[in-house]
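As a plain string of letters, each chain reads:
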Amino acid sequence: MAHRKNPLTMKFIPLFIGLLLPAASHALSPQTPAAPILAAKSYLLYDYNSNQVLVNQDGDARMEPASLTKLMTAYLTFDALRHGTLSPKQKLTAPAAAMRNISGESRMLLKPGQTVTVDELLHGLIVQSGNDAAITLALNIAGSEAGFVDMMNKEAERLGMKNTHFANPAGLSDPQHYSSATDMALLAAAIIRDYPQHYPLFSVRNYTFNNVTQANRNRLLWLEPYADGLKTGHTESAGYCMAGSARRDNRRLISVIFGADTESQRATESQKLLNYGFQNFDAVRLYEKNQPVAKLRIWKGTESHLDIGFRHDLFLTIPRGTLTQLKATMETHQHLFAPVSGGQKVGMLKLTLDGIPYAEFPLVALDSVPLANIFSRGWDSIRLVFQ
């Protein structure tokens, strides 16, 4: 089918945090400053607002996630709270299965048979990284660890975590327990997007339980003034890993690092990655959700024209100072026929930066246009002959 291209004049409007968009095709410009080389096996920098990956060093490599696993355990616990199968003040009994003593494992120091609230368990899981908290929540949500692991893997598949498979809720080493920097960025973004009311838990620096105070292992909370949460992990085989997030001027970045050598190194390398993103890129909101980008002629419908645009706010991250070099063209079908449903893809917005293809996004119908009656359709058929 023939297509037509139209240049667009883009009206830029102030930035604010939007919804996670479907993945867009994009390429980094030659003007993009060189990314830092970090002392880690795998790392990724992700712009939450625009859904763009700014740095990707082996981001799809399967790595041992250690306690980053607990991000999924937390996500499923938040889901149980949303659906009412758990409540924050609900009291649970710590099972004996959660008390296994593995050398060096992190615990919130539950005692067998102790009564503990869901809220306390979430603090123990997120702030203290307690394996005992993870197991207690898993058993109470799913009835068994195996049942909870099945839930974890189904949720990972739903979120598009293509290089992830979980074998336990705590992050213990297992050949069938792996994830990737890309997948952990997706999971971190899902927590922030889907459960903003619970996200502040990840910024808590210390938590006291059973008269023992433990500090959050996420040193970014002390090192980086804009950091506000997420999780660390460590095992002997995995090394030190971290999923961190920071927000500056209503813009959020997520960094994921696997395989650092020390606890301090994972924090400083994460900070380098976040600073690179904030200092070298600008984020702009190109269009508001449901804002008409253009009108298309539509044939054989109850309306003669159709507004097209985006169902979500459209953000784009570009190298700092290059906004004036950003150009847009719209590509649509030459003839568009009813019926058309709201949300149906009807074209593409293609962006170039300094003349080089940079990103493209699907344009959708903002309204539905049903098929017209037979007389109107016939009249349009006659007019199309002379087009």
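What you are looking at is a predicted structure, and each value in this text was computed from that prediction instead of being measured. (Residues numbered from 1 in each chain as written. Predicted model: local features only at pLDDT ≥ 70, side-chain atom pairs only at ≥ 80, totals over all residues. Heavy atoms only, no water.)

Re the overall build of the protein
For step 1, the next point in the chain: Counting its secondary structure elements, the protein contains eight helices and 19 strands.
For step 2, the next point in the chain: For the protein, the C-alpha atoms occupy an extent of roughly 80 × 45 × 35 Å along the three principal directions.
For step 3, the next point in the chain: Per-residue burial for the protein yields a buried fraction of 53% across its 387 residues.
For step 4, the next point in the chain: Taking as baseline every contact in the protein between residues at least 6 positions apart, the subset at least 24 positions apart corresponds to 69%.
For step 5, the next point in the chain: Taken together, the 38 basic and 33 acidic charged side chains of the protein have centroids lying 5 Å from each other. (Helix = DSSP H or I, 4+ residues; strand = E, 2+ residues; numbered from the N terminus. Buried < 20%, exposed > 50% of the residue type's maximum accessible area, 1.4 Å probe, protein only. Contact = heavy atoms within 4.5 Å. Lys, Arg positive; Asp, Glu negative; His and termini not counted. Charge placed at Lys NZ, Arg CZ, Asp CG, Glu CD.)

Thoughts on the pattern of salt bridges
For step 1, the next point in the chain: This structure, assessed with the given rule, holds 14 salt bridges.
For step 2, the next point in the chain: Between R82 and D79 there is a salt bridge, with the nearest N and O atoms lying 3.2 Å from each other. Taken together, the residues R82 and D79, both in helix α1 (residues 70–82) and three residues apart, mark about one turn of the helix.
For step 3, the next point in the chain: Its relative accessible area of 24% is what places D79 among the partly exposed residues.
For step 4, the next point in the chain: Of the charged contacts in the structure, one is a salt bridge between E269 and K272, with a shortest N-O distance of 2.8 Å. (Salt bridge = Lys/Arg side-chain N within 4 Å of Asp/Glu carboxyl O.)

What to know about the sheet that holds strand β4 (residues 52–57)
For step 1, the next point in the chain: The five strands lie next to each other as β4-β3-β11-β10-β9, forming an open sheet whose pairing is antiparallel. Of all the strands in the sheet, just β4 and β9 (227–235) have a single pairing partner and so form its edges. With direction set aside, neighbouring strand axes in the sheet form an average angle of 10°.
For step 2, the next point in the chain: As paired elements, strand β3 (residues 42–47) and β4 share five bridges and run antiparallel to each other. Residue pairing across strands places Y43 opposite Q57, the latter belonging to β4.
For step 3, the next point in the chain: Sitting on the sheet, helix α5 (residues 181–194) is in contact with β3, β9, β10 (239–248) and β11 (251–260), with an inclination near 140° to β11. (Pairing = 2+ DSSP bridges. Axes fitted to C-alpha atoms, helices over the stretch in contact; angles between N-to-C directions.)

Looking at the pairing of strand β12 (residues 281–287)
For step 1, the next point in the chain: Burial of β12 is extensive: six of the seven residues sit out of reach of the surface.
For step 2, the next point in the chain: Pairing between β12 and strand β15 (residues 314–319): six bridges, direction antiparallel. What sits directly across from R285, in β15, is F315.

A short note on the nonpolar core
For step 1, the next point in the chain: Formed by 63 residues in total, the largest nonpolar core has its most connected members in M72, F78, F202 and I254.
For step 2, the next point in the chain: Of the residues forming this core, the biggest block, nine residues, is contributed by α5.
For step 3, the next point in the chain: Once residues lying within four places of it in the same chain are set aside, the contact partners of I254 are L44, L45, Y46, Y48, A185, A188, A189, I192, G244, S245 and L274.
For step 4, the next point in the chain: One finds F310, L314, I318 and A359 within the second-largest nonpolar core, a separate group that totals 29 residues. (Core = buried A, V, L, I, M, F, W, Y, C linked by side-chain atoms within 4.5 Å.)

Description of the side chain of D228
For step 1, the next point in the chain: For D228, the location among the structural elements is in strand β9.
For step 2, the next point in the chain: At 2.7 Å, the side chain of D228 forms a polar contact with the side chain of Y199.
For step 3, the next point in the chain: Not counting the four nearest positions on each side in its chain, D228 is found in contact with Y199, F202, S203, L221, S245, A246, R247 and R252. (Polar contact = N/O pair within 3.5 Å; in protein donor to acceptor, adjacent residues only side chain to side chain.)

Focus: helix α8 (residues 374–385)
For step 1, the next point in the chain: Here α8 spans 17 Å end to end across 12 residues, near enough to the 16 Å set by a 1.5 Å rise per residue.
For step 2, the next point in the chain: Where α8 starts, the residue carrying a side-chain oxygen 2.8 Å from the main-chain nitrogen of S376 turns out to be N373. (Expected span 1.5 Å × (residues − 1).)

Observations concerning the environment of I191
For step 1, the next point in the chain: Positionally, I191 belongs in helix α5.
For step 2, the next point in the chain: A C-alpha to C-alpha distance of 41 Å links I191 and L371, two positions 180 residues apart in sequence.
For step 3, the next point in the chain: In contact with I191, other than residues within four places in its own chain, are L71, Y75, F78, P196, Y199 and F202.

Considering the packing of aromatic side chains
For step 1, the next point in the chain: One pass over the full model with this rule turns up six aromatic pairs.
For step 2, the next point in the chain: Summarising the aromatic geometry, the rings of F78 and Y195 are spaced 5.6 Å apart at their centres and angled 50° between planes, so their arrangement reads as tilted. One end of the pair, F78, is in helix α1; the other, Y195, is in the loop between α5 and β7 (206–209), with 117 residues separating them in the sequence.
For step 3, the next point in the chain: Residue classification places F78 among the buried residues on the basis of a relative accessible area of 0%.
For step 4, the next point in the chain: For Y195, a relative accessible area of 1% puts it in the buried group.
For step 5, the next point in the chain: Here F78 and F202 contribute two aromatic rings whose centre-to-centre distance is 6.4 Å and whose plane-to-plane angle is 85°, an arrangement assigned as edge-to-face. Residue F78 is located in helix α1, and its partner F202 is located in the loop between α5 and β7; the two are separated by 124 residues in the primary sequence. Note on accessibility: F78 and F202 belong to one class, buried.
For step 6, the next point in the chain: Following the ring pairs from residue to residue traces out a cluster consisting of Y75, F78, Y195, Y199 and F202.
For step 7, the next point in the chain: Over the face of the ring belonging to W299 we find R297, whose NZ or CZ atom lies 3.9 Å from the ring centre. (Phe/Tyr/Trp six-rings, centres within 6.5 Å; stacked < 30°, edge-to-face > 60°. Lys NZ or Arg CZ within 6 Å of the ring centre and 35° of its normal.)

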